[in-house]
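# Notes for the structure review
Here is how the chains run, residue by residue.
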Amino acid sequence: MNNIELPSEVPIPTGLALRLGASFAFHPFEYSKVLIQLGHEPLAPRNTKTLLGRPALAYPSVFQYCGHIRKRDGFLGMWRGVTPKMLSLAVQHLAGNKFNEIYPPEPELKEEEEDALTMEERKERFIKITLQAIACKMTCVVVSQPLQVLAIRSMAEFVGGEDKFCGGLTAGLYGGIVSILNENGILGFWSGLIPRMLGEVGILGITASLTFLVNTYLLEDKEMAQYTGHVAGFLAGSLCYPLQVTSTCMTVSRSGLMAGYPPRMPLYTGWLDCLSHLRSQGQLKRGSSLIFRYYTGPQVIVGDRVIPANSSMFKSPLKQ
């Protein structure tokens with residue numbers, strides 16, 4: 001992947017072009033994931049069994065979710081919000097490059113040079129590299145958040161059928177900007193910023209720390225050490241995923257869209273309130289699995305079938 005080079009006539013860096021291409025191609029899945037994170041489940045769960053043979057209710061996979069979007073909005077409707085999403089990626093790339101120009105990262109060392117470092121020098125180098133990467137990531141998140149808000153709110157319009165963030169010559173950008181200013185003021189462009197930043201920085205910091213500790217104190221095999229970062233990144237992403245769900249919800253909360261108000265979403269007082277509510281409902285991981293998605297709400301098991309529980313099941317038969 002790193003050896004792919006675009007023709008010199010193309011004025012876009014290869015890495016950015018590949019990211020934009022992948023983002024465009026897989027946008028329908030990202031779109032569905034955002035709606036799932038918001039708790040929008042338009043398709044009823046079906047009875048199935050888990051891998052251990054227990055009866056359960058399963059929501060349709062992301063492919064069926066994309067099919068539902070296509071049936072309602074057409075084929076092109078699956079790319080709702082793709083313009084601000086791709087602009088956000090481009091802004092993050094440019095901001096990262098500019099930050100690295102102003103505050104260059106530590107130079108890479110050859111294997112023999114790194115082996116020659118003392119333990120204190122390795123720790124100092126690790127801290128410098130990690131802090132520089134965290135500062136760069138925070139800068140990119142802050143700069144790109146307005147476009148992230150436009151993208152997520154554009155996708156959230158699917159819930160209520162609004163069209164404030166879609167269509168027109170500006171692909172909904174102008175209408176979205178006006179809507180955010182009217183509903184939330186200038187600070188609305190940074191809705192959901194804190195949980196998103198904490199999640200991004202958390203993933204970076206945990207991944208770097210675990211990789212350094214394992215490779216320094218546990219592993220001596222250089223061949224195995226190259227996989228440590230991938231495993232650490234997976235674990236860090238899983239640990240910080242609830243913050244991503246919280247950020248998505250806070251981006252839409254009180255936005256003027258139906259998806260951000262009761263009964264679709266409670267009126268949260270802040271991102272901590274949102275995180276606490278999602279935890280109490282067991283919804284911190286929604287959207288983390290796009291193939292095997294099980295219903296986690298109140299349910300009653302009758303024989304080999306699972307039935308979603310609701311308040312009417314618990315009414316006294318004596319009441320009329």
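Everything below is about the structure shown above.
Residues numbered from 1 in each chain as written. Predicted model: local features only at pLDDT ≥ 70, side-chain atom pairs only at ≥ 80, totals over all residues. Heavy atoms only, no water.

Relative to the helices and strands, I291 is located in the loop between α11 (271–280) and β3 (293–294). Along the sequence, I291 and V62 sit 229 residues apart, while their C-alpha atoms lie 6.1 Å from each other. (Helix = DSSP H or I, 4+ residues; strand = E, 2+ residues; numbered from the N terminus.)

Grouped together as the largest cluster of nonpolar side chains are 37 residues, with contacts concentrated most on L35, I69 and L278. The set of elements that each furnish at least two residues to this core consists of α2 (27–37), α3 (62–73), α6 (119–160), α10 (228–252) and α11. If one sorts the elements of this core by residue count, α6 sits on top with nine residues. Those residues in contact with I69 that sit more than four places away from it in its chain are Y31, S32, L35, G74, G77, M78 and F158. (Core = buried A, V, L, I, M, F, W, Y, C linked by side-chain atoms within 4.5 Å. Buried < 20%, exposed > 50% of the residue type's maximum accessible area, 1.4 Å probe, protein only. Contact = heavy atoms within 4.5 Å.)

A word on unusual backbone geometry. For residues besides glycine, phi is generally negative; the peptide bonds are generally trans as well. Residue P263 follows P262 across a cis peptide bond; omega there is 5 degrees. Checked against the element boundaries, P263 lands in the loop between α10 and α11. Within the chain, R254 stands out as a residue other than glycine whose phi angle is a positive 55 degrees. Here R254 lies in the loop between α10 and α11. Residue class for R254 comes out partly exposed when judged on its relative accessible area of 37%.

It is worth spelling out the sheet that holds strand β2 (residues 55–59) at this point. Whenever strands of a sheet pair, they do so through backbone hydrogen bonds, lying parallel or antiparallel. With respect to topology, three strands assemble into an open sheet ordered β1-β2-β3, the strand pairing being antiparallel. Lying at the two open borders of the sheet, with one neighbouring strand each, are β1 (46–49) and β3. The sheet contact formed by β2 and β3 spans two bridges and is antiparallel. Residue pairing across strands places A58 opposite Y294, the latter belonging to β3. (Pairing = 2+ DSSP bridges.)

Moving on: a nonpolar patch on the surface. Together, V142, I177, L181, I186, L187 and W190 make up a nonpolar patch on the protein surface, roughly 550 Å² of accessible area in all. Mapped onto the secondary structure, I177 falls in helix α7 (residues 173–184). I177 gets classed as partly exposed once you look at its relative accessible area, which sits at 35%. (Patch = residues over 30% accessible without salt bridge, like charges linked within 9 Å, V, L, I, M, F, W, Y side chains within 5 Å. Areas by Shrake-Rupley, 256 points an atom, 1.4 Å probe, with all protein chains shown as cover. Salt bridge = Lys/Arg side-chain N within 4 Å of Asp/Glu carboxyl O.)

Its 21 residues give helix α4 (residues 82–102) an end-to-end C-alpha distance of 30 Å, which sits within 8% of 30 Å, the value for a rise of 1.5 Å per residue. For α4, the complete set of buried residues consists of V82, P84, K85, S88, L89, A90, Q92, H93, A95, G96 and F99. Contact partners of the buried residues in α4: α1 (14–25), α2, α6, α7 and α8 (193–218). (Expected span 1.5 Å × (residues − 1).)

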